[in-house]
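# Topology and contacts: notes
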Amino acid sequence: LKTALAARRPVLLRGDPGTGKSQLAHAAAVALNRLFVYEVVNAHTEGQDLLWKFDAVGRLAEAQALQGNETEDRRKELLDTKRYISPGVLWWALCWKTASDTYQNSQYQLTCPEKPTDWEQADGSVILIDEIDKANAELPNSLLEILGNNAIDIPWLKQTIGGRDSVPPLVIITTNEERELPAAFVRRCLVLNLNLPKDDDTLISLLVKRGELHFGNKCSEGIRQLAAKQLVRDRNLAKDKGVTPPGQAEYLDMLRALSV
């Protein structure tokens, strides 16, 4: 992660589901005392959504409802485009103040990140782009173009936020390899593989250690061992049946239930 910060390059986390890719981004934000913002990608996510989202449908509905019911000046005020904007993760990361002001004055409020105690803009941020392999092919390249500028233009504010003098965010991108990412995109990322060991004994040993880190004395080593062996059996059975095998996340959920 230090290399990524120094090189100003995004980190691409590869690995099986449940290996802690998303949690690593949050842990990095806590360790660095940075603002944490995230976007979970789906098939409809576009590059523009990382900057802001515009509620065109809501604005149209209100325009129809206001016909003949308000003065012209009042209609212009209520239909001001700034009232239908919700800042995206890059806007929050690059300029908390303008994003927060826009969020407070908009009726289209989606998410507001939690700001760390004593955090300032100069402390920087961590952006998690989760499951980018679910996006259309244009999103990865659009993302790199946006990140390369470290700045975005906000037409409604007639202002550019970010720029060379601002602290670049640490961008962490996860993929479950459901779809191949563009080669040009992968080359410009620092790639970190988080796959679980293929050898059963090595996997059991790793899971037992991870369980100790998460639960300590709440779960004895014997319980952690039994749970790890059960998970390995379930993984092998799932592979034989051609379904997605359980991973580290399911192992930790099992220990959480056993430690109650």
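Nothing here was measured: the structure is a model prediction, and the numbers come from that model. (Residues numbered from 1 in each chain as written. Predicted model: local features only at pLDDT ≥ 70, side-chain atom pairs only at ≥ 80, totals over all residues. Heavy atoms only, no water.)

### So, the pattern of salt bridges
- Across all of its chains, the model carries eight salt bridges by this definition.
- Here Glu39 makes a salt bridge to Lys53, at a shortest N to O gap of 3.5 Å. Of this pair, Glu39 sits in strand S2 (residues 35-40) while Lys53 sits in strand S3 (residues 52-54), and the two are 14 residues apart along the sequence.
- Since its relative accessible area comes to 13%, Glu39 is described here as buried.
- With a shortest N-O distance of 3.2 Å, Asp80 and Lys82 are connected by a salt bridge. (Salt bridge = Lys/Arg side-chain N within 4 Å of Asp/Glu carboxyl O. Helix = DSSP H or I, 4+ residues; strand = E, 2+ residues; numbered from the N terminus. Buried < 20%, exposed > 50% of the residue type's maximum accessible area, 1.4 Å probe, protein only.)

### Section: the nonpolar core
- Counting residues in each nonpolar core, the largest one holds 37 residues, and the members touching the most others are Ile129 and Phe185.
- Not counting the four nearest positions on each side in its chain, Phe185 is found in contact with Leu12, Ile132, Pro140, Asn141, Leu143, Leu144 and Ile173.
- Within the second largest apolar cluster, 14 residues are counted, among which are Ile204, Leu207, Leu252 and Leu255. (Core = buried A, V, L, I, M, F, W, Y, C linked by side-chain atoms within 4.5 Å. Contact = heavy atoms within 4.5 Å.)

### Points about the packing of aromatic side chains
- According to the stated counting rule, one finds seven aromatic pairs in the structure shown.
- Each ring, one from Trp52 and one from Trp156, has its centre 4.8 Å from the other, and the planes form 85°; the classification is edge-to-face. Highlighted residues: Trp52 in strand S3 and Trp156 in the loop between strand S6 (151-154) and strand S7 (159-162), separated in sequence by 104 residues.
- Taking the relative accessible area as the measure of exposure, Trp52 reaches 11% and is therefore buried.
- Trp156 gets classed as partly exposed once you look at its relative accessible area, which sits at 24%.
- Ring centres of Phe54 and Trp156 lie 6.4 Å apart, and the angle between their planes is 15°; this geometry places the pair in the stacked category. On the criterion of sequence distance, the pair formed by Phe54 in strand S3 and Trp156 in the loop between S6 and S7 is long-range, its members being 102 residues apart. (Phe/Tyr/Trp six-rings, centres within 6.5 Å; stacked < 30°, edge-to-face > 60°.)

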